[in-house]
Amino acid sequence: MRKFYRPWVFIIPGLILGLLTLGIPIYEAIKNSFYNIRLYRLGSEFFIGLENYIRLLNDPIFLIALRVSLIFAIGCTVLVLLFSILVSSVLTSDKIEDSKLTRPLMALFIVPFVTTQVVTGIMGRTFIWQTEFGLVNYLLNLIGIEGQAWLTTPYLALPTAIITNTWRLTPLALLVFYAALTTIPKTLIESAKLDGANEFKILTKIKLPIIRYHVIFISLIIFTSAFREFDVIFSLTGRGPARATNVLSIMVYEQGVNVGNMGYANAIAFTMFLIVTVLTIIYMLIFKIGNIGDQ
Amino acid sequence: MFNQTLKHKLKLAFKYFVLLGWLLFCIAPIIVFFMASISDTSLFQTIPELFSLRGLTLDNYRISINQGNFLFYLRNSLIIAGSALATVLIVCTPMAYGITKLKSPKVKGVLVFGVLSTRFIPYVIIALPLYLLFIRLGFTGSLFGVIMAHLAMQTPFIVWLMIGFFAGVPKEIEEAAIIDGCSSLQVFTKVSLPIVLPGLNAAAILAFIISYNEFLFALFLAGPNNRPLTVGIMRYAGGAEVGAQFGVIAAFGSMIVVPIIIFALIVNRYIVSGMTQGAVKE
């Protein structure tokens, strides 16, 4: 009966296409990284071995980009988890869970996720974080706090970008945690209540531990998504004042397209790929995510 | 007694506060953006003035369409999103079905893990080499290149999604079809596919939205004839700091996102099921 389905007939075409669309670029990237390739003088490439990688390790801009990318990714992950756990907990709490509000609210909460990323960045740059007329400074002034130059002050630009990207990514985590929380058996909650636990205790000692694998999984998704982010940062601040938001993906664009040093840009891109892969493996090992895939 | 009800009321108030606060945080930027799009920003731009409904105008939209070339970019966006959607679904759906039908859990695990791990690949390592490759091959800026990149981008997630949906198809129904004499292809097309149709819809909606919103691949790989809205608005608004332009930028941007937002609100049921599928195992 099993042989009947002939699964590989269904799998092979998609698998080949998938491997080609992913494999060809990655192969090309590795190959290119061993050459000196000038975008505006194509045809005069020459082999330079590991020179691009050596240069990258000593390049202060690369180190800045790496640091900014890590801070950005960690910042987004922490904030997204904070907000998504808070909001999903409230949505599934006692009086709220069964009310008619949750469906329409959830629908509206998706809005940041479906908003086009570059529009999010442009919106942020022109109307939200803008120094004179922006929404944030307007609200701050209402409560007596002085408005800041969010996008042009070096130490403020990165937090601003982090908050903007958090705005965009939280719905994903929110949805998953909300769905996971609603599948917790009511009987479990009821018996805890009979034992005298209050709502907060139920949340921290029962609900959250049950969804901890979802939290781990989603945090990995958020982290890797933020680490490779390009659209939002590019449209919000570009590389930012004093390279405050110069993440790796923007450095790749700058080096490859603006400067035209294609070999070097490919080396940076491949290094980025390696870093994400290593971080992901470490993460999976720490949290033993490999076991979840077997379920 | 009094303290109990007060505590309850405060708890409830806190919950409403959180939900309302988050709701405002989510939609306030969009609302401000939209209000600016219908205001004459050469006269004023402050927030209270935007909401005072003075100087309402459709000029910003008119300028976006006439001078901003909006319709040209819109056409390209729809072509890219539509083609990517079709390609992704055709490639990913059978593959996901096949994976769920594998008999060896080890092979299955390897493939699922492979699908999962490709979700983390940075897009620049796809976009940059392809850009150079197409220059060398002599056909830059083609739709083919863009769709190929979108396929690479979407396949991991959509296959993962569809695996979850196919796994929920009751085996008995498929086995009944086999007994009735269907071939494996017929079981797939006549039995399994119709059952996962809601899942297909969810995947289609998400794939369309993701491709419509995509920027990086379009920036690298789309030629002057293929540029979608995302590239269009960046070319138009790139470094604009001029006040009068803000309204036009807002109009351009609103025309990009408002339809998608309204669409997403209407089909939110599918988006929710799509995004939670595979992450919630019940």
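Residues numbered from 1 in each chain as written. Chains lettered and ligands numbered in written order. Predicted model: local features only at pLDDT ≥ 70, side-chain atom pairs only at ≥ 80, totals over all residues.

Asks: I'd like a rundown of the overall build of chain A, residues and numbers included.
Replies: Across its full length, chain A holds 15 helices and two strands. C-alpha extents for chain A along the principal axes are approximately 75 × 70 × 30 Å. Within chain A, the fraction of its 295 residues that count as buried is 46%. Contacts in chain A between residues far apart in sequence, at least 24 positions, make up 71% of those at least 6 positions apart. (Helix = DSSP H or I, 4+ residues; strand = E, 2+ residues; numbered from the N terminus. Buried ≥ 20, exposed ≤ 12 C-beta atoms within 10 Å, placed from the backbone. Contact = placed C-beta atoms within 7 Å.)

Asks: I'd like to hear about the overall build of chain B, residue by residue, with values.
Replies: Along chain B, the regular secondary structure elements total 14 helices and zero strands. In terms of overall size, chain B is more extended than a compact globule, its C-alpha atoms giving a radius of gyration of 24 Å where 282 residues would be expected to give roughly 19 Å. Across its three principal directions, the C-alpha atoms of chain B cover 80 × 75 × 30 Å. Taken over 282 residues, chain B has a buried fraction of 49%. Restricting the contact set of chain B to residue pairs at least 6 apart, pairs at least 24 apart contribute 75%. (Rg over C-alpha atoms; globule rule 2.2 N^0.38 Å.)

Asks: So what's going on with the interface of chain A and chain B? Which residues, and what values?
Replies: Interfaces are often described in size by the accessible area the parts lose on coming together. With 77 residues of chain A in contact, the opposing surface of chain B contributes 78 residues. Residue contributions to the side of chain A that touches chain B peak at 16 residues, all from helix α1 (residues 7-33) of chain A. Of the residues assigned to the side of chain A that touches chain B, the class counts are 51 nonpolar, 19 polar and seven charged. (Nonpolar A, V, L, I, M, F, W, Y, C, P; charged D, E, K, R; others polar.)

Asks: Can you tell me about the confidence of the model for chain B, naming the residues and giving the values?
Replies: Residue and element names in this part refer to chain B. Averaged over all residues, the pLDDT of chain B equals 89, while 95% of them reach at least 70. The spread of mean pLDDT over the elements of chain B runs between helix α2 (residues 47-51), the lowest at 77, and helix α11 (residues 216-221), the highest at 96. Among the scores for the predicted complex, ipTM is 0.92 and pTM is 0.93. (pLDDT = per-residue confidence, 0-100.)

Asks: Can you tell me about the nonpolar core, naming the residues and giving the values?
Replies: Judged by nonpolar contacts, the single largest core of 172 residues is most densely connected at A:Ile268, A:Ala269, B:Ala127 and B:Leu128. At 16 residues, helix α7 (residues 143-167) of chain B tops the list of elements feeding residues into this core. (Core = buried A, V, L, I, M, F, W, Y, C linked by C-beta atoms within 7 Å.)

Asks: Go over the domain arrangement of chain B with me, naming the residues and quoting the values.
Replies: On domain assignment, one finds that chain B holds domain 1 (2-51) and domain 2 (70-238). Each of domain 1 of chain B and domain 2 of chain B has a C-alpha centre, and these two points are 37 Å apart. (Domains from an automatic or database assignment.)

Asks: I'd like a rundown of the packing of helix α3 (residues 60-91) of chain A against helix α9 (residues 154-182) of chain A, residues and numbers included.
Replies: Residues and elements named next belong to chain A. One can describe the packing of α3 onto α9 by two numbers: an axis separation of 6 Å at closest approach and a directional angle of 40 degrees. Judged on the interaxial angle alone, α9 and α3 are oblique. Remark: the crossing between α3 and α9 carries right-handed chirality. Of the residues contributing to the contact of α3 with α9, the split by class is 20 nonpolar, six polar and no charged. (Axes fitted to C-alpha atoms, helices over the stretch in contact; angles between N-to-C directions. Parallel < 35°, antiparallel > 145°, perpendicular 65-115°, else oblique. Left-handed = near helix turned anticlockwise from the far one by under 90°.)

Asks: Can you lay out the packing of helix α10 (residues 197-213) of chain B against helix α14 (residues 268-276) of chain B for me, pointing to particular residues and giving the numbers?
Replies: Packed helix pairs are specified by the crossing angle of their axes together with the interaxial distance, meaning the distance between the axes. All names here are of chain B. Between α10 and α14, the shortest axis-to-axis distance is 8 Å and the interhelical angle comes to 95 degrees. It follows from the interaxial angle that α10 and α14 lie roughly perpendicular. Residues Pro-198, Asn-201, Ala-202, Ala-203, Ile-205 and Leu-206 of α10 touch α14, and the partners they reach there are Tyr-270, Ile-271, Ser-273 and Gly-274. In terms of residue class, the contact of α10 with α14 is built from seven nonpolar, three polar and no charged.

Asks: Give a detailed account of the environment of B:Ala176, specifying residues and quantitative values.
Replies: All names here are of chain B. Looking at where Ala-176 falls in the secondary structure, it is placed in helix α8 (residues 171-179). For Ala-176, a count of 13 C-beta atoms within 10 Å gives the class partly exposed. Sequence separation between Ala-176 and Phe-120 is 56 residues; the distance between their C-alpha atoms is 40 Å.

Asks: Account for helix α3 (residues 59-66) of chain B, with residues named and values stated.
Replies: The complete set of buried residues in α3(B) reads B:Asn60, B:Tyr61 and B:Ser64. Each buried residue of α3(B) lies within a common arc of 95 degrees when the element is viewed along its axis, so the set occupies one face. (Arc of directions from axis to C-beta.)

Asks: An account of the environment of A:Thr160 is requested, with residue identities and associated values reported.
Replies: Note that A:Thr160 resides in helix α9. For the pair formed by A:Thr160 and A:Pro7, sequence separation is 153 residues and the distance between their alpha carbons is 48 Å.

Asks: Mind laying out the environment of A:Asn246, listing which residues take part and the relevant values?
Replies: All names here are of chain A. Relative to the helices and strands, Asn-246 is located in the loop between α13 (231-236) and α14 (248-259). On the basis of neighbour counts, which here come to 24 C-beta atoms within 10 Å, the residue Asn-246 falls in the buried class. In sequence terms Asn-246 and Ala-29 are 217 residues apart; their C-alpha atoms lie 21 Å from each other. When sequence neighbours within four positions are dropped, the list of residues in contact with Asn-246 reads Ile-64, Ala-65, Val-68, Arg-239, Gly-240 and Met-251.

Asks: Can you break down unusual backbone geometry residue by residue, with the values?
Replies: For A:Arg243, which is not a glycine, the phi torsion comes out positive at approximately 55 degrees. When you line up the elements, A:Arg243 lands in the loop between α13 and α14. On the neighbour-count criterion, A:Arg243 (18 C-beta atoms within 10 Å) is partly exposed. At B:Asn69, a residue that is not glycine, the phi angle is positive and equals roughly 60 degrees.

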